[in-house]
Amino acid sequence: MEQQQSDPNDASVVVLPDRRDAAAKPDGDNYVSNNNNNNNNSNHNPTTSRTTRREQELSFQTILKARHMTSEEFFQTYWQTMPVLFPQTVIAASDSTTNHFRNDKNNDKSNDDEMNNNDNPLQRLIHNGWSVLLDLLEQSMKQEQELMNNTNNNTSHSLLPPAVDSDSHYFEPTLFFQDQQSLSLEERALLYQNSLFAAYLNGCSLVHNHADLLQGQLAALCQDLQQQQQQHPPAAAAAFAAGFPHVYCNVYITPPDAQAVPMHADDRDVLVIQVYGQKTWTVHDRSPQWPLPYAHQQVGKQQVPLLVSTTTNTTASSTLPPRLLQPTLQPGDVLYVPRGFVHAASCAAQAPSFHVTVAIPTHDWTMAGLLCELTSNILIDRPLFINHMRDSSSSRHHENNEMSNDGGANSSTAADSWLLFQHKKALPVPCSTAWEDVPLPQQEQLQHQLNQAFALLQRQITAQTLHERLQQKYARHNEQALRQRQPLLLQIQQQKQPEEENNNPQPNQEISLVVGRQAAQTIQLDTLVRMATEEEKQWARGRLLGAATATATTLSSTAVEAPQEPWKKKRWIPAPTTTTTTTTTTGLQVRECIADDITEMLQTMSRLQQEYQQQKDTCAKRDEPRASYSNNNHNDKHHNNKNNNNHNDMPCYRVGDLPSQLLTSRSPDPRLCDLTLICLAKQCVTLGAWAIALVVEEKD
């Protein structure tokens, strides 16, 4: 990718507002005066008063308001024409790397309740970005497990294929990108046992397509962007009024100092919404050879070359299109990138990134595409009725004469069926014969047949036909999406949260609450973790062996070999006090840049646990009461001994404080971010190396 990057000081960089002033604006003075009028007229300014209860504005209006723009201005000036940045459409609750504190259970929400009631889906998404991120990861993991279970029960033994369940819900696995290359399903199973958290620890970016079918906040956002089309009259000046006919969204979760995918261009328009962290985007002009690509023409994808070859009188070179923008998106920023514009995005070392790409499938709404579909539907896909054609065969010469005289206006359905039947026959012209050698009568017959085909298409494809076809396409896609989004939307409307795990220990489920996959689902930054006991390790190990056996069975049936060498600059760290066997690999595969920090944290935690055990043994020998282990960074209520398992007097650590508590010889690497700590804790608890310290509050 280095050879593809433009010089940051390149003169080809264009300041986007300057392009806008004279290029596409009918009257620049009107643009300024309209803004002034809106600012001076409180009746038209939705942000005039923050003290009164405001009506909920639409998400797309929130985006446009960042540049004091109307929907008509957007569609007339930028739509399918040029990229544009909408900065701070929503002000995030905190800085880009710690905007998760709003979701703490003990947070004071007295000022948030009214705001959340009035917030639109975009605002709720930005305000709750951290919780949406964690929920999305957990929902993806649950889906992965469902897919794996379906695969194990599938006689075809295909590994994690996309599937449709009994309720017509479409599932597809999360994509793992390492070093800007997508891992195959077999590779991700071998390397990470399909765990998103294990993959993220090792520097993988996670991409989930159609995430609006998986997470409620994203489903609400897409529905909001679509419903705006229905809330505005078709007489509006803009093509799509204040919204879009159909959208869906993909999500990208990228660790610090990483880039998910190579530079490329898409076959759709997109709204990039930065939800958490930050990411730097480089947007170039359209690719000259495929300025408005369809799916098979996306440069940088599917082996379509990205670089453009240019030849002069003396040299030949390959260059990128001119660079237009290079913003660093913060939470609440929205970037519009039209179809065909070449772009790339990467994270700096300071923060990870979670962004939502709202896809507007414009390649599916084009005149060329609709004509291809309708032509194929008429000439190829339409069924023929044999009896009808036989009845028509006796009068086909008469019908053909009518079509040649009046363009086919009086032709019957039977005659059209007969023509379609003829068009589906092999042409009489031999392929080996040059056109000049074809007899003139045969050339004329072929031209006559072609004219008949065009006449047939012209009779059946009209402006009304195109319009109705497009409306049917919108309706079909929206109905299919709504059918799968509906349960998620109902959950939001009824203010239902996913059922929390029961944290009251019971004899038959106590271990599953502190170690294993079920326990890992509950981990947050304020969760307390400790070293697992031997009993807990054995229990978790048994669960892992069962899952690994199922994966190994699937892999052996597909005869997959382990990948070779693409995983450089990575380090394997055995999970502390967890045994590795020949049947499964348990441990942490982490990026080289954070490997030393994680190793030291694990070693320090193990050392403190040994000191605790020695103190416990000494007190037992002396028959003396032993004081609870106390960590000065914790409140005493987190270390009471009222829990049935009697393990919470062991050294415990908040997940978010692990570096400050366990790194004694160094400052943590900036790439050891909060999301990395979450993934580390979830993996260690899943493997049975750590356990969750259950907290039992004292009752008054």
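Residues numbered from 1 in each chain as written. Predicted model: local features only at pLDDT ≥ 70, side-chain atom pairs only at ≥ 80, totals over all residues. Heavy atoms only, no water.

What about the pattern of salt bridges?
Operational definition: Criterion for a salt bridge: a side-chain nitrogen of Lys or Arg within 4 Å of a carboxyl oxygen of Asp or Glu. Note on conventions: DSSP H or I runs of at least 4 residues are helices, E runs of at least 2 residues are strands, and numbering of each starts at the N terminus. Exposure is judged per residue with a 1.4 Å probe applied to protein chains only, and the accessible area is read against the type maximum: over 50% gives exposed, under 20% gives buried, and values in between give partly exposed.
Scanning the model with the defined rule gives 16 salt bridges in all. The salt bridge partner of lysine 682 is glutamate 138, with a shortest N-O separation of 2.5 Å. Taken as a pair, lysine 682 in helix α21 (residues 674-687) and glutamate 138 in helix α7 (residues 129-152) lie far apart in primary sequence, 544 residues in all. Overall, the relative accessible area of 3% leaves lysine 682 in the buried class. In this structure, arginine 530 and glutamate 536 form a salt bridge, with 2.9 Å as the shortest nitrogen-oxygen distance. Here arginine 530 matches glutamate 536 in class, with each residue buried. A single salt-bridge network, built from bridges that share partners, covers Asp364, Glu373, Arg469 and Lys473.

Brief notes about the packing of helix α11 (residues 367-381) against helix α16 (residues 463-493)
This is how it is decided: A fitted line through C-alpha atoms represents every axis, and for helices the fit uses only the stretch in contact; the resulting angles, taken between N-to-C directions, go from 0 to 180 degrees. To sort the angles, those under 35 degrees are grouped as roughly parallel, those over 145 as roughly antiparallel, those from 65 to 115 as roughly perpendicular, and the leftovers as oblique. By definition in these notes, contact holds between two residues if any of their heavy atoms fall within 4.5 Å. Under the convention adopted here, Pro, Cys and the residues Ala, Val, Leu, Ile, Met, Phe, Trp and Tyr are nonpolar, Asp, Glu, Lys and Arg are charged, and Gly plus all remaining residues are polar.
Viewed as axis vectors pointing N to C, α11 and α16 meet at an angle of 95°, and their least axial separation amounts to 11 Å. By the angle between their directions, the pair α11 and α16 is classed as roughly perpendicular. Contact residues: Met367, Leu370, Leu371, Glu373 and Leu374 in α11; Thr465, Leu466, Arg469, Leu470 and Lys473 in α16. Looking at the contact of α11 with α16 residue by residue, the classes come out as six nonpolar, one polar and three charged.

Brief notes about the packing of helix α19 (residues 592-622) against α21
This is how it is decided: Note: crossing handedness is left-handed where the near helix turns anticlockwise from the far helix by less than a right angle, and right-handed where it turns clockwise.
It is the contact of α19 with α21, at a shortest axis distance of 13 Å, that shows an interaxial angle of 50°. Judged by the inter-axis angle, α19 sits oblique to α21. Where α19 crosses over α21, the two elements pack in a sense that is right-handed. Counting all contacts with α19, which are made through Ile594, Ile598, Met601 and Leu602, the residues of α21 involved are Thr676, Leu677, Leu680 and Cys684. Of the residues that constitute the contact of α19 with α21, the class distribution is seven nonpolar, one polar and no charged.

So, the nonpolar core
Burial of nonpolar side chains together is a common tendency in soluble globular proteins. Keep this limit in mind: In plain words, nonpolar cores are sets of buried Ala, Val, Leu, Ile, Met, Phe, Trp, Tyr and Cys residues tied together by side-chain atoms within 4.5 Å.
If you look at the biggest cluster of nonpolar residues, it comprises 110 residues, and the most contacted ones within it are Phe74, Phe354, Val356, Leu675 and Trp690. Among the elements that make up this core, the one with the highest residue count is α21 (nine residues). The contacts of phenylalanine 74, once residues within four sequence positions are left out, are Phe60, Leu64, Met69, Trp79, Phe86, Phe244 and Tyr336. Counting eleven residues, the second-largest nonpolar core is a separate cluster that includes Trp281, Val283, Val337 and Ala345.

A word on the confidence of the model for the chain
This is how the line gets drawn: Within a predicted model, pLDDT stands for the predictor's per-residue confidence, ranging from 0 to 100.
Within the chain, residue pLDDT values average 75, and 64% of them lie at 70 or more. Of the regions scoring below 50 in pLDDT, residues 394-411 engages in 22 contacts with residues more than four places distant in sequence or in other chains. Within the model, the stretch residues 552-569 combines pLDDT values under 50 with 25 contacts to residues more than four positions away or in other chains.

Digging into the sheet that holds strand β20 (residues 653-654)
Put simply, the rule is: Any two strands between which DSSP finds at least two bridges are classified as paired.
Strand order in the open sheet formed by three strands is β20-β17-β21, with antiparallel pairing between adjacent strands. Both edges of this open sheet fall to β20 and β21 (690-692), since each of them pairs with a single strand only.

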